[in-house]
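Examining the three-dimensional arrangement
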Amino acid sequence: MKHQRKGLNRLLFWLYEGHGTAPFYFRWAMLIFDFVTIAYFLWAPFEQRGKTHAWIDYAIGIVIAFDLLARFYIARHKWNFVVRPLNIADLVVVVTMLAPLLVSNFAFLRVLRAVRAIRAFTFVKRIKVITPFFQRHERVIDKVTNLIVFVFIMSALVYATQVGINPNIHSYLDALYFTVTSLTTTGYGDVLMIGKVGRILSIIIMALGLTLFLQLLRAILEPNDKVEYECEQCGLLMHDRDAVHCKHCGHVVHIPTRGLV
């Protein structure tokens, strides 16, 4: 028997996945929230933080926590939801935002704060639902997001491990500059990593960064005939754009379609 949603579950599912005026504005509100918080994360991830910054962290962390719990509550396949990288990233974000309530602000939390940039994935997912352009180019957008998130996380690791011991790295911008020059294999040589950890990070940045860049080029050059839509029966995510049945279990799928614009 098909699962019937009731009460709060039905209301939340309608807001997140349904159609109408209220879901439309709700998704735009969450979209704006994501955009503002991403800008905030990148604006001052490692600056000296006073009480105002702390309360902003707590407020953002609470909103993200409620968003994560709501999406978990309406998910048909709870385990699939839990193991998705995006949702794990959201959980890490919540922990790093609220951790100062429980523990001191140790240096390692500064590195974890860079994971907040992964919140950009949620931004992309929501804007793809709203705008047909992003639906048609979702694969390229995902790869671009992957690359951007990787750059900021690696920059955070470079900053956390090199500031104070490397005379060439004084700010997050210096770390970002080194990461980009390494990833693009430009290698000006004006900023070099110090120590074994620095060499290992340099190798990771060049190897993984180049891999992500090549994946982006592949997504641009190769056509994509798949669309992401979760099968209610088995949880399969990727389907043909014109599919009416899930290839894994045969269940009828209702993939939203829009005319070309």
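Here, the structure is the one placed above.
Report follows, based on the coordinates. As the structure is a prediction and not an experimental result, all values here were calculated from the model.

**Looking at helix α5 (residues 85–98)**
- Helix length check: α5, at 14 residues, gives a terminal C-alpha distance of 20 Å against a target of 20 Å (1.5 Å per residue), a fit within 8%.
- Of the residues making up α5, those classed as buried are L86, N87, A89, D90, V93, V94, T96 and M97.

**Some words on the side chain of N166**
- Turning to its location among the elements, N166 is positioned in the loop between α9 (138–162) and α10 (172–183).
- Relative accessible area serves as the criterion here: at 3%, N166 is assigned to the buried category.
- Polar contacts involving the side chain of N166 include one to the main-chain amide nitrogen of N168, which spans 2.9 Å.
- For N166, the contacting residues outside a window of four places in its chain are L192, M193 and I194.

**Let's talk about the environment of A219**
- With respect to the helices, strands and loops of the structure, A219 is situated in helix α11 (residues 195–221).
- Sequence separation between A219 and I141 is 78 residues; the distance between their C-alpha atoms is 9.1 Å.
- With residues up to four places along the chain from it excluded, the contact list for A219 reads R139, V140 and K143.

**Regarding the nonpolar core**
- Among the nonpolar cores identified, the biggest contains 22 residues, and V158, F178, L183, M193 and I205 are the most heavily contacted of them.
- Contributing elements (two or more residues each) for this core: α9, α10 and α11.
- Not counting residues up to four positions away in its chain, the partners in contact with I205 are F150, M154, V158, F178, T179, S182, L183 and L210.
- If you look at the next biggest cluster of nonpolar residues, it comprises nine residues, including Y40, F41, I60 and M97.

**Comments concerning the pattern of salt bridges**
- By the definition in use, this model includes four salt bridges.
- When the shortest N-O distance is used, the salt bridge between R71 and D90 registers 2.5 Å. In this pair, R71 is assigned in helix α3 (residues 51–74) and D90 in helix α5, connecting sequence segments 19 residues apart. We note that R71, like D90, is buried.

**Details of the packing of aromatic side chains**
- Under the criterion given, the structure shown has six aromatic pairs.
- Taking the centre distance of 5.0 Å and the plane angle of 75 degrees together, the rings of Y16 and F26 count as edge-to-face. With Y16 in helix α1 (residues 7–17) and F26 in helix α2 (residues 21–43), this pair connects stretches of sequence that are ten residues apart.
- On the numbers, 6.5 Å between centres and 10 degrees between planes, the contact of Y177 with Y188 is stacked. Linking Y177 in helix α10 with Y188 in the loop between α10 and α11, this pair joins segments that are eleven residues apart in sequence.
- An aromatic cluster is built from F24, Y25 and W28, whose rings are joined through pairwise contacts.
- Across from the ring centre of F72, 5.0 Å away, lies the NZ or CZ of K78, which sits over that ring.

**Structural notes on a nonpolar patch on the surface**
- Judged by side-chain polarity, F24, Y25, W28, I32, F35 and V36 come together as a nonpolar surface patch covering roughly 650 Å² of accessible area.
- Along the polypeptide, Y25 turns up in helix α2.

The rules we used
Residues numbered from 1 in each chain as written. Predicted model: local features only at pLDDT ≥ 70, side-chain atom pairs only at ≥ 80, totals over all residues. Heavy atoms only, no water. Helix = DSSP H or I, 4+ residues; strand = E, 2+ residues; numbered from the N terminus. Expected span 1.5 Å × (residues − 1). Buried < 20%, exposed > 50% of the residue type's maximum accessible area, 1.4 Å probe, protein only. Polar contact = N/O pair within 3.5 Å; in protein donor to acceptor, adjacent residues only side chain to side chain. Contact = heavy atoms within 4.5 Å. Core = buried A, V, L, I, M, F, W, Y, C linked by side-chain atoms within 4.5 Å. Salt bridge = Lys/Arg side-chain N within 4 Å of Asp/Glu carboxyl O. Phe/Tyr/Trp six-rings, centres within 6.5 Å; stacked < 30°, edge-to-face > 60°. Lys NZ or Arg CZ within 6 Å of the ring centre and 35° of its normal. Patch = residues over 30% accessible without salt bridge, like charges linked within 9 Å, V, L, I, M, F, W, Y side chains within 5 Å. Areas by Shrake-Rupley, 256 points an atom, 1.4 Å probe, with all protein chains shown as cover.

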